[in-house]
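# Geometric and topological summary
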Amino acid sequence: MIGRLNHVAIAVPDLEAASALYRDTLGAKVSDPVPQPDHGVTVVFVELPNTKVELLHPLGEASPIAGFLAKNASGGIHHICYEVEDILAARDKLKAEGARVLGDGEPKIGAHDKPVLFLHPKDFNGTLIELEQA
Ligand code: CO
């Protein structure tokens, strides 16, 4: 059911330092910071030949990654995103298998303007999983 790894999202306490690390030390192609107020984050996209890394930094008062950074002061992997062809079919299959879909279970428009859902980390080996209809 799942397809390509769309991205790995890493929450970072210092976006400028993290961008420099990926650009200068690791030699990757990094974007300018992209504020996404609807999602409560500023994102730097790191483009790799086969996938993307997204460096996430809190934006605004109620950022969904603020709690994560409070617990992981030096940052850490926040979620991974797999592509699916049909997000509603994927959701229904997962729910039937007993997996918990976060929120009200309805896909939201994600950071790439495509429908996304998040799956409970406790059901997936401690990893928050995002599904994106690609
Ligand atoms: Co994501």
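Computed from a predicted structure; not experimentally measured.

From N to C terminus, the protein includes three helices and nine strands. Put simply, the protein runs from its N terminus to its C terminus through helices and strands in the order β-α-β-β-β-β-α-β-α-β-β-β. Taking 2.2 N^0.38 as the reference for a compact globule, 134 residues should give roughly 14 Å; the C-alpha atoms of the protein span a radius of gyration of 15 Å, in line with that estimate. When its C-alpha atoms are laid out on the principal axes, the protein stretches across 45 × 35 × 25 Å. Nonlocal contacts in the protein, meaning residues at least 24 apart in sequence, comprise 52% of its contacts between residues at least 6 apart. When the accessible area of the protein is evaluated, it comes to approximately 7700 Å², of which 54% is carbon and sulfur surface.

Where side chains of opposite charge bring their charged atoms close, a pairing between them can arise. Counted by the stated rule, this structure contains seven salt bridges. Residue arginine 91 pairs with glutamate 106 through a salt bridge whose shortest N-O separation is 3.2 Å. Remark: glutamate 106 occurs in the loop between α3 (87-96) and β7 (108-109) and arginine 91 occurs in helix α3; sequence separation between them is 15 residues. Relative accessible area serves as the criterion here: at 12%, arginine 91 is assigned to the buried category. Of the residues examined, glutamate 106 reaches a relative accessible area of 43% and is grouped as partly exposed. A salt bridge links lysine 108 to aspartate 104, with the nearest nitrogen and oxygen atoms 3.1 Å apart.

Turning our attention to the coordination of the cobalt ion. At this site the cobalt ion is bound by His7 (NE2), His79 (NE2) and Glu130 (OE), with donor distances of 2.0 to 2.1 Å. Within one chain, the residues donating to the cobalt ion are spaced in sequence as H-x71-H-x50-E. Within this pair, whereas histidine 7 is found in strand β1 (residues 5-11), its partner glutamate 130 is found in strand β9 (residues 129-133), the two being separated by 123 residues in sequence. An identical accessibility class is assigned to histidine 7 and glutamate 130; each is buried.

On to helix α1 (residues 15-25), then. Along α1, the residues classified as buried are Leu15, Ala18, Ser19 and Tyr22. The buried residues of α1 all sit within an arc of 100° when viewed along its axis, so they share a single face. In α1, those exposed residues whose orientation departs by more than 90 degrees from the buried face are Glu16, Asp24 and Thr25. Packing partners of the buried residues in α1 comprise β1, β2 (29-30), β4 (41-47) and β5 (52-58). With a side-chain oxygen lying 3.2 Å from the backbone nitrogen of glutamate 16, the N-terminal cap of α1 falls on aspartate 14. Backbone geometry just after α1 places glycine 27 at a positive phi near 70°.

Cut-offs and rules
Every chain is numbered on its own, with residues counted from 1 as its sequence reads. The predicted nature of this model means local features are confined to residues of pLDDT at least 70 and side-chain atom pairs, given and counted, to a pLDDT of 80 or more, with totals for whole chains, interfaces and linings taken over all residues. As a convention, hydrogens and water are excluded, and side-chain values are obtained from all of the structure's heavy atoms. Here a strand is any run of E in DSSP of at least two residues, a helix any run of H or I of at least four, and the numbering for each starts at the N terminus. The size measure is the radius of gyration over C-alpha atoms, and the globule rule it meets is 2.2 Å times the number of residues to the 0.38 power. In this analysis, two residues are considered to be in contact whenever any of their non-hydrogen atoms come within 4.5 Å of each other. Computed with the Shrake-Rupley method and a 1.4 Å probe, the accessible areas treat only the protein chains shown as cover for residues. We define a salt bridge as a contact between a side-chain nitrogen of Lys or Arg and a carboxyl oxygen of Asp or Glu at a distance within 4 Å. Buried residues are those whose accessible area, probed at 1.4 Å on protein chains only, stays under 20% of the maximum for their type, while exposed residues exceed 50% and partly exposed ones sit between those limits. For Na, K and Ca the donor cut-off is 3.2 Å, and for all other metals it is 2.8 Å, counting N, O and S atoms only; because water is absent from this set, sites may look incomplete. Note that the arc is defined by the directions from the helix axis to the C-beta atoms. Polar contacts, as counted here, are pairs of nitrogen or oxygen atoms within 3.5 Å of one another; within protein the pair requires one atom able to donate a hydrogen and one able to accept it, and residues that are adjacent in sequence qualify only if both atoms are side-chain atoms.

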